[in-house]
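Analysis of the macromolecular model
Here is what each chain is made of, one letter per residue.
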Amino acid sequence: MDRSPGDRPSAVDQPYAPSDPPDQPPTAHAKLDQKRSLRVARQLLDDEERLTAKTLYMSHRELPAWVSFPDVEKAEWLNKIVAQVWPFLGQYMEKLLAKTVAPAVRGSNPHLQTFTFTRVELGEKHSSLQPLRIIGVRVHPGQGKDQILLDLNISYVGDVQIDVEVKKYFCKAGVKGMQLQGVLRVILEPLIGNLPIVGAVSMFFIRRPTLDINWTGMTNLLDIPGLSSLSDTMIMDSIAAFLVLPNRLLVPLVPDLQDVAQLRSPLPRGIIRIHLLAARGLSSKDKYVKGLIEGKSDPYALVRVGTQTFCSRVIDEELNPQWGETYEVMVHEVPGQEIEVEVFDKDPDKDDFLGRMKLDVGKVLQAGVMDEWFPLQSGQGQVHLRLEWLSLLPDAEKLEQVLQWNRGVSSRPEPPSAAILVVYLDRAQDLPLKKGNKEPNPMVQLSIQDVTQESKAVYNTNGPVWEEAFRFFLQDPRSQELDVQVKDDSRALTLGALTLPLARLLTAPELTLDQWFQLSSSGPNSRLYMKLVMRLLYLDSSEVRFPAVPGTPEAWDLDDEGPQTGSSVDVPPRPSHTTPDSNFGTENVLRIHVLEAQDLIAKDRFLGGLVKGKSDPYVKLKLGGRSFRSRVVQEDLNPRWNEVFEVIVTSIPGQELEWLTLEDVPSGRLHLRLERLTPRPTAAELEEVLQVNSLIQTQKSTELAAALLSVYLERAEDLPLRKGTKPPSPYATLAVGDTSHKTKTVSQTSAPVWDESASFLIRKPHFESLELQVPEEPELWGGLPHITSPAPELRQRLTHSDSPLEAPAGPLGQVKLTVWYYSEERKLVGIVHSCRALRQNGRDPPDPYVSLLLLPDKNRGTKRKSSQKKRTLNPEFDERFEWEMPLDEALRRKLDVSVKSSSSFMSRERELLGKVQLDLAEIDLSQGAAQWYDLMDDKDKGSS
């Protein structure tokens, strides 16, 4: 170290040695100590510099991504304000909990009527330490000129103490310590020309914050009746979700603020349609033989945007899964919200994490349509997403265009939406009182089809104020209705009802209704104030690119790595080079009216033939390789059926009408009416055909066909190879509703030529769809998903409720079932309604009952059995059965349904009348609609 002669040494440079007087030169020992001290000080300085540099680098990496942006500022001045305000904020929270929250808790549950807060402290109340800190502030340019957007990165680490007591159960519990970290968005709007310049402040977390609460006495609290079904995890999830979009806290700063409902729950910025297509190159998590043999994985994906979460189905033993699923999410804030996809391997004990990707929704808004393979972080592999930004339009004239586009969208598990509905539930007036003139605790249930949402309950008033918003996706607002039920919080007492056809909004200005609605089944002056806003989901046509003809370089390939612009409007082009034979498309429809019969002979005899009875007649028809059978009319020699059957016929020689004639019996005649219907290649007469069909439709016959669809399937190209390089042996299946056609199997080729045609009767041209599958014997290769290919003349898909419910029974009869998944209780539910036209093997009718079994388990744990009905071919059961299991497990099961009969009173033998096996992965378990299934023998158990 160089020094000038006049420099004075520091204490480090020349330490003081007690053994040497200060006025004497240092000894050799003191000089040695001095050098040693200098080396230590220099080493300490070097270590400090390295540690400081490393800490700065790591802190830069560990901070949220936005902190590294130059427009993020420190906010120490704001922290000083928060420190001074903090004690007063604690006083406010104490009053809020005691005067507002506690009464609401006491009224929410009869077991909590003695609930009180005994202590409320937000932490460090009398200390100089500050539990709440604002790490950084970022200012965004607002969506308009009348708002200011701030993002505050906050961190709360405090010894908050909140104690509660339920005296009735001698229960004490509370919170002692809490940590919360996240990005709080603050919106100042509207900006006005008078003081205080800002009309209101809105606050919310864009993404779920990190929340950790130290509970005390939680076990005691959860022992209280009515709370035993909760858990600390559920409570934490509810608290965290309450802080996240679309929930927000609004603080008006001026009186009589306009559009408070719009500020509290604004319309979404837009909708993102997320197509979860596939993944590839996933890591293998399954091991066998203690890890010596590497297996594969059973991947599924979780898709999240804010509080909206979706779970895909599980693909067993596949590292390159194909999901082909579509979800729709509402986007409330841009920028800020993220699309997050996490991929897991399904395991019996704990699912293994395979990787995640995140994408800011602002990039989707900017691009309009994104179709890319995204790399998975914290794992290996990629996930293929197709993202579409749908704008919200208040223009009813665009509805038909949107519906037309949606008919070409391949969407599962739910059909695509055409619009959204936002319901602002404000208040009610003059609701009826309960018995004894007691004030009710009103809450509201709002339903559109099978989606129901509930408001909070407002206690002890017949003029409740809710100020809540509810959002619904709509498939076709022309035919859907909003059902509103105002009930007491016990759900047992209905205070009023309202049914509103959504078509009313299509003729309203700006697709908005803002008014009082009179309630039915209520008091004479009972009414409800709501604001309803509908917006159409519009994909900018400039972003739409239709796939080119398969086989060309422009065709859409799921495995293409490059990003490309496209849309879900995948309307397949008509074949341009197919070569069907001359008979293709020349079919006709023969409609057979089975009306009645007269003077039939009596076949039933009683008492050994001494007593002559009647007959139980039915008609059996055979035509074109198909069999039809009417219903059985009990004990009638002059039966009336009035049923209609339809069959596709051609002009090929040798096709004749065959049925059981009455030539070999002494008497009897059958009244039929035959119509030959010639299809026409025009849609102009469709509505007239549907109207005529409705006039001649009988209650006892199946729905009549309105159109004929002919499909020519020529070939396929570039089908995936099997494991390794072995070519597949593919075949194709075409299906419309419950009618299907299977082609021949072409051995060992990835470019099969089928050269086959099939025709289908179309009963509801506006709703039915054509489904095409290309499997390989004996199963789908590579987990190939079902491909729904909407025909140009048909709409998107046929829901269960639109399926023909009165189709002719098969030779063994039919069973009517309803199967769905009750997500709230995590239960698979099945209802056995009835059977019809069962087989009778002996002289007497059977004593049928229904047995249900969830495969692959064959133990008694999943077996269910209905009651037994005596001596009938058409038993009515209407019995409900439940199995507790998660949805992904239910989708891996098959429901085996057997209709059996006891052989005799003394015998334990059971006669199998027929059975059907339902693959639950192929059933829309969210619909819950009743459907008839043909019974098969034990060799053929497939569902109809």
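Look up a bit, the structure's there.
Here we summarise the structure given alongside this text.

Rules used in this analysis
Residues numbered from 1 in each chain as written. Predicted model: local features only at pLDDT ≥ 70, side-chain atom pairs only at ≥ 80, totals over all residues. Heavy atoms only, no water. Patch = residues over 30% accessible without salt bridge, like charges linked within 9 Å, V, L, I, M, F, W, Y side chains within 5 Å. Areas by Shrake-Rupley, 256 points an atom, 1.4 Å probe, with all protein chains shown as cover. Salt bridge = Lys/Arg side-chain N within 4 Å of Asp/Glu carboxyl O. Helix = DSSP H or I, 4+ residues; strand = E, 2+ residues; numbered from the N terminus. Buried < 20%, exposed > 50% of the residue type's maximum accessible area, 1.4 Å probe, protein only. Pairing = 2+ DSSP bridges. Lys, Arg positive; Asp, Glu negative; His and termini not counted. Charge placed at Lys NZ, Arg CZ, Asp CG, Glu CD. Axes fitted to C-alpha atoms, helices over the stretch in contact; angles between N-to-C directions. Arc of directions from axis to C-beta. Contact = heavy atoms within 4.5 Å. Phe/Tyr/Trp six-rings, centres within 6.5 Å; stacked < 30°, edge-to-face > 60°. Lys NZ or Arg CZ within 6 Å of the ring centre and 35° of its normal.

1. Focus on a nonpolar patch on the surface
On the surface, a cluster of nonpolar side chains totalling about 520 Å² of accessible area is made up of Trp-77, Ile-81, Val-85, Leu-89 and Tyr-92. For Tyr-92, the position within the fold is in helix H2 (residues 76-108).

2. What about the pairing of strand S18 (residues 382-393)?
Put simply, side chains in a regular strand alternate between the two faces of the sheet. Most of S18 is tucked away, with nine of its twelve residues classed as buried. Sheet topology places strand S9 (residues 270-280) next to S18; nine bridges connect them, and they run antiparallel. Note on S18: the bridge partner recorded for Ile-274 is Leu-387. Both strand S17 (residues 369-375) and S18 contribute to a ladder of seven bridges, which runs antiparallel. Each residue of the ladder has a partner; that of Val-369, found in S18, is Glu-388. Here S17 hands over to S18 after six residues, with Ser-378 in that stretch at a positive phi of 55°. Note that S18 and strand S26 (residues 527-538) share three bridges and pair antiparallel. Residue pairing for S26: Ser-391 is matched across the bridge by Tyr-538.

3. Considerations on a positive patch on the surface
On the surface, Arg-860, Lys-863, Lys-865 and Arg-910 cluster together to form a positively charged patch. Along the chain, Lys-863 falls in the loop between strand S43 (848-855) and strand S44 (864-865).

4. Considering the sheet that holds strand S21 (residues 451-454)
Read across the sheet, four strands follow the order S21-S20-S23-S24 without closing on themselves; strand pairing throughout is antiparallel. On the outer flanks of this sheet lie S21 and strand S24 (494-501), each paired with one strand and no other. Adjacent strand axes in the sheet meet at a mean angle of 15° when their direction is disregarded. Strand direction decides the pairing type here: strand S20 (residues 442-448) and strand S23 (residues 481-488), joined by six bridges, are antiparallel. Each bridged residue has a counterpart across the sheet, and for Ser-447 the counterpart in S23 is Asp-483.

5. So, unusual backbone geometry
Of note, the bond from Glu-189 into Pro-190 is cis; its omega dihedral lies within 30 degrees of zero at -10°. Looking at the element boundaries, Pro-190 is found in the loop between strand S5 (171-188) and strand S6 (200-205). Going from Leu-195 to Pro-196, the amide bond is cis rather than trans, its omega being 10°. Turning to its location among the elements, Pro-196 is positioned in the loop between S5 and S6. In this structure, Asn-437 takes a positive phi of about 55° despite not being glycine. Position of Asn-437 relative to the elements: it lies in the loop between strand S19 (419-429) and S20. Given the relative accessible area of 65%, Asn-437 is considered exposed. The residue Asn-642 is not glycine, and still its phi comes out positive at about 55°.

6. A few points about the sheet that holds S44
Taken in spatial order, the four strands of this open sheet run S44-S43-S46-S47, and their pairing is antiparallel. The outermost strands of the open sheet, each flanked by one partner alone, are S44 and strand S47 (910-919). Sheet analysis places S43 next to S44, joined by two bridges and oriented antiparallel. Its bridge partner lying in S44, Ser-851 is registered against Lys-865.

7. Side note on helix H7 (residues 399-406)
For H7, the complete set of buried residues consists of Leu-399, Val-402, Leu-403, Trp-405 and Asn-406. Taken end-on, H7 shows its buried residues confined to a sector of 160°, consistent with a single buried face. Among the structural elements, S9, helix H8 (503-506) and S26 are those in contact with the buried residues of H7.

8. Quick notes on the packing of aromatic side chains
Counting across every chain of the model gives six aromatic pairs. Arranged with centres 5.9 Å apart and planes meeting at 35°, the rings of Trp-86 and Tyr-156 form a pair that is tilted. Highlighted residues: Trp-86 in helix H2 and Tyr-156 in strand S4 (residues 148-166), separated in sequence by 70 residues. Comparing Trp-86 with Tyr-156 shows no difference in burial state: the two are buried. These aromatic residues form a ring-pair network of at least three members: Tyr-300, Phe-344 and Phe-353. The aromatic ring of Trp-516 is capped on one face by Arg-527, whose charged end is 4.0 Å from the ring centroid. In this arrangement the basic side chain of Arg-836 is found over the ring face of Trp-932, its NZ or CZ atom lying 4.0 Å from the centre.

9. Some details on the pattern of salt bridges
Per the stated rule, a full pass over the model turns up 27 salt bridges. The salt bridge involving Glu-333 is made with Arg-185; its shortest N-O contact spans 3.0 Å. With Glu-333 in the loop between strand S14 (322-331) and strand S15 (338-345) and Arg-185 in strand S5, the pair connects residues that are 148 residues apart, well separated along the chain. The exposure class of Glu-333 is buried, given its relative accessible area of 3%. Accessibility expressed as a relative area gives 0% for Arg-185, which makes it buried. Here Arg-631 ties to Glu-643 by a salt bridge, and the two come within 3.1 Å at their closest N and O atoms. Here the residue Arg-631 occupies a position in the loop between strand S31 (626-629) and strand S32 (640-649), and Glu-643 occupies one in strand S32, the gap between them amounting to twelve residues. Given the relative accessible area of 27%, Arg-631 is considered partly exposed. Each of Asp-151, Arg-185, Arg-248 and Glu-333 takes part in salt bridges that share partners, so that together they form one network.

Any functional reading would require information beyond the geometric quantities listed.
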